[in-house]
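A structural walkthrough
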Amino acid sequence: MIEGFTALYIFMLSAVAGYEVISRVPVILHTPLMSGSNFIHGIVVVGAMIVLGHAATPMEQLIGFIAVLLGAGNAVGGYVVTERMLEMFKSSKSEG
Amino acid sequence: METLIQLSYFLAAVLFIVGLKAMSSPKTARKGVMWAGVGMVLAVVVTLFHGDIQGFSNYLLIFVAIAIGSSLAWVTAKRVQMTEMPQMVALYNGMGGGSAGAIGAVALMEAQRKLVESGDSVIHQQMGFDIAVLAVLGGLIGTVAFSGSLVAWAKLDGRMQRNSLMPAQQIVNIVLFAAMVLAGIWVLFSGGMTSIVVFFALALVFGVFMTVPIGGADMPVVISLFNALTGLAVGFKGFVLGNAALIIAGTLVGAAGMLLTHLMAKAMNRPISNVLFSGFGTQATGG
């Protein structure tokens, strides 16, 4: 478990990392990168699994179920779309 | 087992950062998404052994939800035309936002359920004030990103009228925003379900109203903004659940997404505020 100030430090350092990692990206990669980062926040499915895992009432189970379903969709859809975009990117590059 | 789970989350976080870095260069972009994919699979698989997951029916529900969600997304993502990619990103991003919003809802409902046994009267006592605020804030941002992204998807997909604008949209939006924030504060200081329901309903409506006035050409920037917001919401859910993988991946995407939104807006030669509020100005003078 991560708590209190430890969590705050992690938050701050992750934000800096996110900012730095992207700072010099060419314009052509904007959309694939948006898609790629969209895939990465698909990690939300892990949180959804944990929440559904200790759901105790039918209502909590229902909403938790929706959370896992949507989160899984985010991760899988995000991955496939990013992969396809970069595939196109590669082929168009080799042609030119 | 706990150590193994935490170690895997750590590894996943490293893979996400390295993957995102690789994705920002044309040569290594494909490797980058693959590494991030490995991190994701690892994190999901070890979570199945997480101590918080209990009960056969919950396990069953998790498997069914993952099976349905991922197969639907797989099929739609494989089938879609290349020209329709931006709206698919919006759609999947909306799903992530919806997931974060739903996690917030369940966390708050759980706190509400536990009020009686713990003897507390309001939700922020039960959860701890900081965690309750983050649960509400993450729920708000995630839910707005959810309904907003769905509108963005519908617009780009041609399922929605381009100029569906109401009179005095700007004022309506400001009032809605204020009501949503107030409802969020109400949730913190109440012990009932009503506040939670009202709060999430307002957040859903606000996401729609916020996105409806924005024109199709500006949509990529808006989708990127919602992407960053979803990341932030996921990060906040990480605080609520005490899960470092969520905090790191969510915040990473939140910061990277904000910068990316800024860069995209700059590439279009328009400040972000202009993109977000342009619909208001043009229509207010016209109507």
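Because the structure is predicted, anything quoted here is derived from the model rather than measured. The residue numbers shown here count from 1 along each chain, following its written sequence. Chains carry letters from A onward and ligands carry numbers from 1 onward, assigned in written order. Two thresholds apply to this predicted model, a pLDDT of at least 70 for residue-level local features and 80 or more for giving and counting side-chain atom pairs, whereas whole-chain, interface and lining totals are computed over all residues. Side-chain metrics in this entry use all non-hydrogen atoms of the structure; hydrogen atoms and water are not considered.

1. Structural notes on the overall build of chain A
Only DSSP runs of H or I reaching four residues or more are called helices, and only runs of E reaching two or more are called strands; each is numbered from the N terminus. The number of helices and strands found in chain A is four helices and zero strands. Helices and strands in chain A line up, N terminus first, as α-α-α-α. Within these notes, the globule rule equals 2.2 Å times the number of residues to the 0.38 power, and the radius of gyration is based on C-alpha atoms. For 96 residues, the compact-globule estimate of 2.2 N^0.38 gives 12 Å, and chain A exceeds it by more than 25% at 18 Å. The principal-axis extents of the C-alpha atoms in chain A amount to approximately 60 × 30 × 15 Å.

2. Remarks on the overall build of chain B
A count of helices and strands for chain B gives eleven helices and zero strands. When its helices and strands are written in sequence order, chain B yields α-α-α-α-α-α-α-α-α-α-α. In terms of C-alpha radius of gyration, chain B reaches 20 Å, essentially the compact-globule figure of 19 Å for 287 residues. Taken along its principal axes, the extent of the C-alpha atoms in chain B is 60 × 55 × 30 Å. The buried share of chain B, taken over its 287 residues, is 55%. Contacts: residue pairs with any heavy atoms within 4.5 Å of one another. The contacts of chain B with a sequence gap of at least 6 include a subset with a gap of at least 24, amounting to 70%. A 1.4 Å probe and the Shrake-Rupley method give the accessible areas. Residues count as covered only by the protein chains that appear here. Here chain B displays about 12,000 Å² of accessible surface, and carbon together with sulfur accounts for 71% of that area. We count Lys and Arg on the positive side and Asp and Glu on the negative side, and we leave His and both chain ends out. To locate a charge, the coordinates of NZ of Lys, CZ of Arg, CG of Asp or CD of Glu are taken. Averaging the coordinates of the 14 positive side-chain charges in chain B and doing the same for the 9 negative ones gives two points 18 Å apart. Burial classification: accessible surface area is computed with a 1.4 Å probe over protein chains only, and a residue below 20% of its type maximum counts as buried, one above 50% as exposed, and the rest as partly exposed.

3. Things to note about the interface of chain B and chain A
Taken together, the contacts link 88 residues of chain B with 75 residues of chain A. For any pair of parts, buried area is found by adding up, for both, the accessible area (1.4 Å probe) each one loses once the two are put together. Roughly 7,500 Å² is buried in total at the junction of chain B and chain A, and carbon and sulfur atoms are behind 79% of that figure. Salt bridges are defined by distance alone: a side-chain nitrogen of Lys or Arg within 4 Å of a carboxyl oxygen of Asp or Glu. On inspection of chain B and its partner chain A, the count reaches three salt bridges. Here Glu 87 of chain A and Arg 30 of chain B are joined by a salt bridge, their closest N and O atoms 3.9 Å apart. Definition of a polar contact: a pair of N or O atoms within 3.5 Å, with one able to donate and the other able to accept a hydrogen when the atoms are protein atoms, and with sequence-neighbouring residues admitted only if both atoms are side-chain atoms. Run the count over chain B and chain A and you get 19 residue pairs in polar contact (both at pLDDT 80 or more). Going through the elements one at a time, helix H1 (2–23), helix H2 (29–47), helix H3 (56–79), helix H4 (85–118), helix H9 (219–241) and helix H10 (244–267) of chain B are the ones with two or more residues in the side of chain B that touches chain A. The element that contributes the greatest number of residues to the side of chain B that touches chain A is H4 of chain B, accounting for 17 residues. Only Asp, Glu, Lys and Arg are considered charged, only Ala, Val, Leu, Ile, Met, Phe, Trp, Tyr, Cys and Pro nonpolar, and every remaining residue, Gly among them, polar. When the residues that make up the side of chain B that touches chain A are grouped by side-chain class, the tally is 60 nonpolar, 21 polar and seven charged.

4. Things to note about the environment of Ala 256 of chain B
Structurally, Ala 256 of chain B is set in helix H10. Distance in space between the C-alpha atoms of Ala 256 of chain B and Leu 20 of chain B is 9.1 Å, their sequence separation being 236 residues. Apart from residues no more than four positions distant in its own chain, Ala 256 of chain B is found in contact with Gly 18, Tyr 19 and Ile 22 of chain A together with Leu 20 of chain B.

5. Things to note about the pattern of salt bridges
Counted by the stated rule, this structure contains five salt bridges over all chains. The residue Glu 60 of chain A makes a salt bridge to Arg 113 of chain B at a minimum N-O spacing of 2.7 Å. With Glu 60 of chain A in helix H4 (residues 58–95) and Arg 113 of chain B in helix H4, this pair bridges two chains. The class for Glu 60 of chain A is buried, based on a relative accessible area of 2%. Between Lys 114 of chain B and Glu 110 of chain B there is a salt bridge whose closest N-O contact spans 3.8 Å. With Lys 114 of chain B and Glu 110 of chain B both in helix H4, this residue pair falls four residues apart, about one helical turn. The buried category is assigned to Glu 110 of chain B, whose relative accessible area is 9%. If you follow the salt bridges from partner to partner, you end up with Glu 83 and Glu 87 of chain A together with Arg 30 of chain B in one network.

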